[in-house]
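Understanding the architecture of this molecule
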Amino acid sequence: MFDNVWLIPLLPLIGFLVNGLFGKKIKNEAVIGGIGTLAIFGSFLVSCGILIQMIGTSPEHRVFEKVIFPWIHSGNFKADMAFLVDPLSVVMIMVVTGVGSLIHLYSIGYMHGEEGFYRFFAYLNLFCMSMLLLVLGNNLLVMFIGWEGVGLCSYLLIGYYFHKKSAGDAAKKAFVMNRVGDFGFLVGLFTLYWWLGSNQNIWTINFMELKQASHLLPYGGVVTVATLCFFVGATGKSAQIPLFTWLPDAMEGPTPVSALIHAATMVTAGVYMIGRMSFIFIKSPDTMMVIAVVGAATAIFAATIGTAQNDIKRVLAYSTVSQLGFMFLAMGTGAFAAGIFHLMTHAFFKACLFLGSGSVIHAMHYALHHAHSHDDAQDMRNMGGLRKAMPITFITFLVSTIAIAGIPGFSGFFSKDEILWQAFSNPYHGGLNMILWGIGAVAACFTAFYMFRLVFMTFYGDCRIQPKAKSHLHESPLVITIPLMVLGFLAAVGGYIGLPKLIGELFGGIPNYFELWLDPVFELAQEYGHTYAQVGGHHNVALEWGLMGGSVVIALVGITIAFTMYIKNTELPGKFTSTFPALHRAVYNKWYIDELYDFLFVNPCKAFGNFLWKGFDVLVVDGIVNGVAAVVKGWSGAFRYTATGYVHNYAFVMAAGTMAILGYYIFR
Amino acid sequence: MDFSLSLITFIPLAGVLLLLVMPRNNAMLRGTALCVSLVGFIASISLICEFKPIADYQFVENLPWIAAGSFQMNYHVGIDGISLWLVILTTFIMPIAILSTWTAVEERVKEYMICLLLLEVGMLGAFVSLDLFLFYIFWELMLIPMYFIIGIWGGKNRVYAAVKFFIYTMVGSLLMLIAIMYIYFKAGAGDFDITRFYSIGLDPASQTWLFLAFALAFAIKVPMFPLHTWLPDAHTEAPTAGSVILAAVLLKMGTYGFVRFAMPLFPDATARFTPLIATLAVIGIVYASLVAMVQEDVKKLVAYSSVAHLGFVMIGLFALNQQGIAGGMLQMINHGISTGALFLIVGFIYERRHTRLITDFGGLSKQMPIFATIFMIVTFSSIGLPGTNGFVGEFLVLLGGFESGLRTWTIIASSGVILSAVYMLWMFQRVMFGELTNPKNQVLKDLNAREIVIMAPLIVMIFVMGIYPTPFIDKMNPSIDRLIVQMKQKQVAHVVAPVTAPGRAGIPAGYPELPSGHPAGEAK
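The following refers to the structure shown. None of the values given here were measured: they were computed from a predicted structure.

Chain B puts 56 residues into the contact, and the matching count from chain A is 52 residues. Top contributing element to the side of chain B that touches chain A by residue count: helix α18 (residues 416-432) of chain B, with 7 residues. In terms of residue class, the side of chain B that touches chain A is made up of 35 nonpolar, 14 polar and 7 charged.

Here it is in structure tokens:
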């Protein structure tokens, strides 16, 4: 089965080509949607086969490389189109194809009747192919194809409703910000390649070869430079400070896109990349600290913004940014497996949340449309009490919300708790650990708050939708609710494959299967880490129980506040905003980061470009040229005179000129 | 002797003769010109098939031509891995360019076609010449038809643009001619064979002056900052076919001139001026990108983007290692394809709307879906998205640059990948996205069959070269290796020789030994 790994990206590629080239002629939505969904579902089946085979293989043999064809060979630089199958990439392909299949299925219902139905499915397949290349690539360059490819698809899908200016703007913003990150990725790649090559004579960008050569890399120094560059790439793709502002805008795309690309898969690419190169990142304590700090800061920063948004998708977008921050916090504290674990559980519950919100928007849109109302179908202030009309959507949404809030027994609890515990107890950051944990805990509290605020505003309370539209509210069709139910189920139980040791021991020593699975991938990184880790750490069973309890209490506090403000005493939010108007305005306007970037980068760039053009090009350079030209004006006058358009004139002049030049040199 | 190169070079000339005696029937003239260029392209395919991946010049023809006293000029042509793909690019672009004029040019079709075919002779001749004098003749030969193409069939401001183009290029050419004569006298009696000139050891002082003369001529053609201002005017005023050829092939004359003549002839001067050239190239990339961003005319925007792309080529060439030069060479071809395609695209909408102002458009995607798809592919190829041709060249250039002494320059140049996305996507958004509000745009027709046929080969090449560039790189590698070895040996020889030490002392302090990447000899 390992040998068939090439099928995994190929099937969506075929789906893309078929729908892209012939979709317009096919017209039939069922056929187009079927092709798209089956393509990715086929990849899912192959992925399952690979997973099963890998489970049957002993852990030390769980690495398989497959070269498809040589791509760029130049001198000692070699990059093949080649795939790497190992426990980490298997986790990723399972998530991408699994969640991807569900979202494709969902899209058949959600995109029903849209003008560019075929275009949507073509792009979605293309995205899956790129994402699969990204996670399967056995070298940095194949990863980079995927890396930029997903950026392209994100661009295409955010700009799906291209007639809207906001969509076009958001698409461009996403691509350009990603490009800033890609610039970092490239420079990181160059640095690593160049340093290993010129100092150790190992010219490679292949992950496995890099892993073997990684003991030759120094701690810090050039590794810090390279990894920081790569991390810039990660901040672009995974929407971390400072390159996060594109993700909330990306909600201009259709909701399945938000679920697949901007929650479950693409935005986690940065986390995956760090995991893939954990053995290099860990060699730079400084980079690890930067990652942890940026992750924690993003987690809390985005969470604050999420508390004040009224657009249901924007809340989820900021929530995604915040959760990605948690993943980076895990990576930065050396808890690679925990980061990937949260990546997976987050894919389940966040995809479910986005799809659920899509289901709500779908129903709202329908209802408002039939009531001839122009109210915003995404504004939570127009919703309320939807749980009665949409029971399946409500229950799956609630389950996922409980999961993300970190209530014990649900997937999010296991992964988030692991991250917080590692932030507290990791041996790398010394005194900083307390702060990292504190920030993480507060962010978790905010998470519980804004998520339950969302649930309460949307599904509870009085129905604020126009009475005329109310009767048109209805539950979404099965094609939409089935993916919701599957994802809701996974959001509930998906965490049990990664039980914390502490809880596992209670039940007769159930190991953390997830961590065991990824052990071969991260073993080397841990080994490197131990060479500079501070001995002792905070490992203490009582403490771990205490913190676990603490994080539950934190979540409950967040929920309670949300309950008080949005169910019990609904005047509180208004009072709050009128008491702290400046604070609310700042949070509501996303701390004015977009305005700041416009002021710092966008506008100066445009002004500078204009200055260079009109000031330098036209005035200075052309001024000189035209000055010279004016001096020889007689010349140009003569030229104008000769430009009569008669071919014999030209032929004569050409011949005469050639003869004159030749003659001069021959006879002089 | 194999005469295939002469055949390919002069097929268009035969076409010119044929056109001269033909009646003024536009359809016939167009058809004939197209057929001639197609025959030329098909003939050139045989070059790829028979080309051996070795460093030597192949398909060589060396015939005595003009012998006047001590002067001896030979008809000496041949190609190696460096010129092969440029010859192919030329023959590949010509039929496309000619086909694009079908409805765009209605007046003086005969003369137009003659100019195009003459231009092709000049370009091909310049790429295959191994005799410096022969090269110069072809170099000048290109200038004249291009001057007419811009000056007669151009837009409103065509005379200004044509004269500007002519004067700029002429200034460089004259200096180059003087330099050619100087080398000739230095080398002693004999012919103008460049391989002969490669082996004469010029002292660093004369190398400096000669390099400057050559470099100026080539830098104007490239064009490098700050000698680029003829380009936006020439491009904007030129008819579509003229712009396409100008961008796809003529600009490559400059970069080709560097890699074939200026660099191997003057290795010490090359080393000495590398920081300067790299600086100008990097300024060109950033500067042209910023200026491109604020352009209101689509064609001008594309013209400025050319300056930025050619800056990458220059960085690659002067990195002087396998990856850099291979990347530079690839980037030349890529730029020919992508920018050629962009000019064609601009031509399509210009023919329909007779405007190129970005603000006159918006929302065209809805009205012209095929056009939108093609435009988008080309846009992303120009941005250098992996999977398209633009990426492979750009990546190798930057990789090569990073390994060489040009690391700092390369990092700044890498920021070009951000800027190119900014200006291209912003333009694309304003032209293609948004509401279709302008009533004139609401009746636009999508591409017709002819236009799709024009674009199809370019689109295919965008993907072929992006996904499977190996055959291209493999064929050029041996020649690149030879070039690097040749230059390094000479540079080393001069460093060791005490006589030339003062020349090296002139190198600015802080300038890193070039190139510090891995020696080419180690490759493979």
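That was the structure; now back to the text.
Turning next to the nonpolar core. One finds A351 of chain A together with F214 and I315 of chain B to be the most contacted residues of the largest nonpolar core, which totals 443 residues. Here this core gets 21 residues from one element, more than from any other, and that element is helix α15 (residues 336-370) of chain A. Residues contacting A351 of chain A, with those up to four places away along its chain left out, are V99, I103, A259, A263, A264 and L487 of chain A.

Our next topic: helix α13 (residues 322-353) of chain B. All names here are of chain B. Taking 1.5 Å as the rise per residue, α13 with 32 residues should run 46 Å; its terminal C-alpha atoms sit 46 Å apart, in good agreement. Burial of α13 is extensive: 28 of the 32 residues sit out of reach of the surface. Immediately downstream of α13, the backbone of H354 shows phi near 55 degrees, a positive value.

Glancing now at the packing of helix α10 (residues 255-264) of chain A against helix α14 (residues 312-332) of chain A. All names here are of chain A. Taken N-terminus to C-terminus, the directions of α10 and α14 make an angle of 5 degrees; their axes are 11 Å apart at the nearest point. When the axes of α10 and α14 are compared, the pair comes out roughly parallel. Touching T255, S258, H262 and A263 of α10 are K313, A317 and T320, all from α14. Across the contact of α10 with α14, the residue classes break down as 2 nonpolar, 4 polar and 1 charged.

A few words now on the sheet that holds strand β2 (residues 71-79) of chain B. All names here are of chain B. Here we have 3 strands laid out as an open sheet, ordered β1-β2-β3, and mixed in their pairing. Edge positions in the open sheet fall to β1 (58-68) and β3 (190-191), since each of these has one partner strand only. Strand direction decides the pairing type here: β2 and β3, joined by 2 bridges, are parallel. Within the sheet, the bridge partner assigned to Q72 lies in β3 and is D191.

Here we come to unusual backbone geometry. In this model, I241 of chain A is joined to P242 of chain A through a cis peptide bond whose omega is 10 degrees. Tracing the backbone through its elements, the reader meets P242 of chain A in the loop between α8 (222-237) and α9 (246-249). Looking along the chain, the bond that leaves V222 of chain B and enters P223 of chain B is cis, with omega of -10 degrees. Here P223 of chain B shows up in the loop between α8 (204-221) and α9 (230-237). The phi torsion at K27 of chain A lies on the positive side, around 65 degrees, for a residue other than glycine. Following the sequence through the fold, K27 of chain A ends up in the loop between α1 (7-26) and α2 (29-56).

With that out of the way, let us pick up the environment of Y532 of chain A. All names here are of chain A. Secondary-structure assignment places Y532 in helix α22 (residues 513-532). Under the C-beta neighbour-count criterion, Y532 is labelled partly exposed, with 13 such atoms within 10 Å. A sequence separation of 105 residues divides Y532 from P427, and the C-alpha atoms of the two residues are 8.8 Å apart. With residues near it in sequence (within four places) discarded, Y532 still touches Y219 and P285.

Rules behind the numbers
- Within each chain, residue numbers correspond to sequence positions counted from 1 in written order.
- Whichever chain is written first is A, and whichever ligand is written first is 1; the rest continue in order.
- Confidence filtering applies because this is a predicted model: local features only for residues at pLDDT of at least 70, side-chain atom pairs given and counted only at 80 or more, and all residues used for totals across whole chains, interfaces and linings.
- Contact between residues is assigned whenever the C-beta positions, reconstructed from backbone atoms, fall within 7 Å.
- Runs of E in the DSSP output that reach at least two residues are strands. Runs of H or I that reach at least four are helices, and both are numbered from the N terminus.
- Under the scheme applied here, ten amino acids are nonpolar (Ala, Val, Leu, Ile, Met, Phe, Trp, Tyr, Cys and Pro), four are charged (Asp, Glu, Lys and Arg), and all others, including Gly, are polar.
- Here, a nonpolar core denotes buried Ala, Val, Leu, Ile, Met, Phe, Trp, Tyr and Cys residues that are linked to one another through C-beta atoms within 7 Å.
- Burial in this document is a count-based property: other C-beta atoms within 10 Å of a residue's C-beta are tallied, and the residue is buried at 20 or more, exposed at 12 or fewer, or partly exposed in between, with C-beta positions derived from the backbone.
- To estimate the expected span of a helix, subtract one from its residue number and multiply by 1.5 Å.
- To get an axis, a line is fitted to the C-alpha atoms, and for a helix only the part in contact is used. The angle between two axes follows their N-to-C directions and goes from 0 to 180 degrees.
- Roughly parallel refers to an angle under 35 degrees, roughly antiparallel to one over 145, roughly perpendicular to one between 65 and 115, and oblique to any angle outside these ranges.
- The pairing criterion is simple: DSSP has to find at least two bridges between the two strands.

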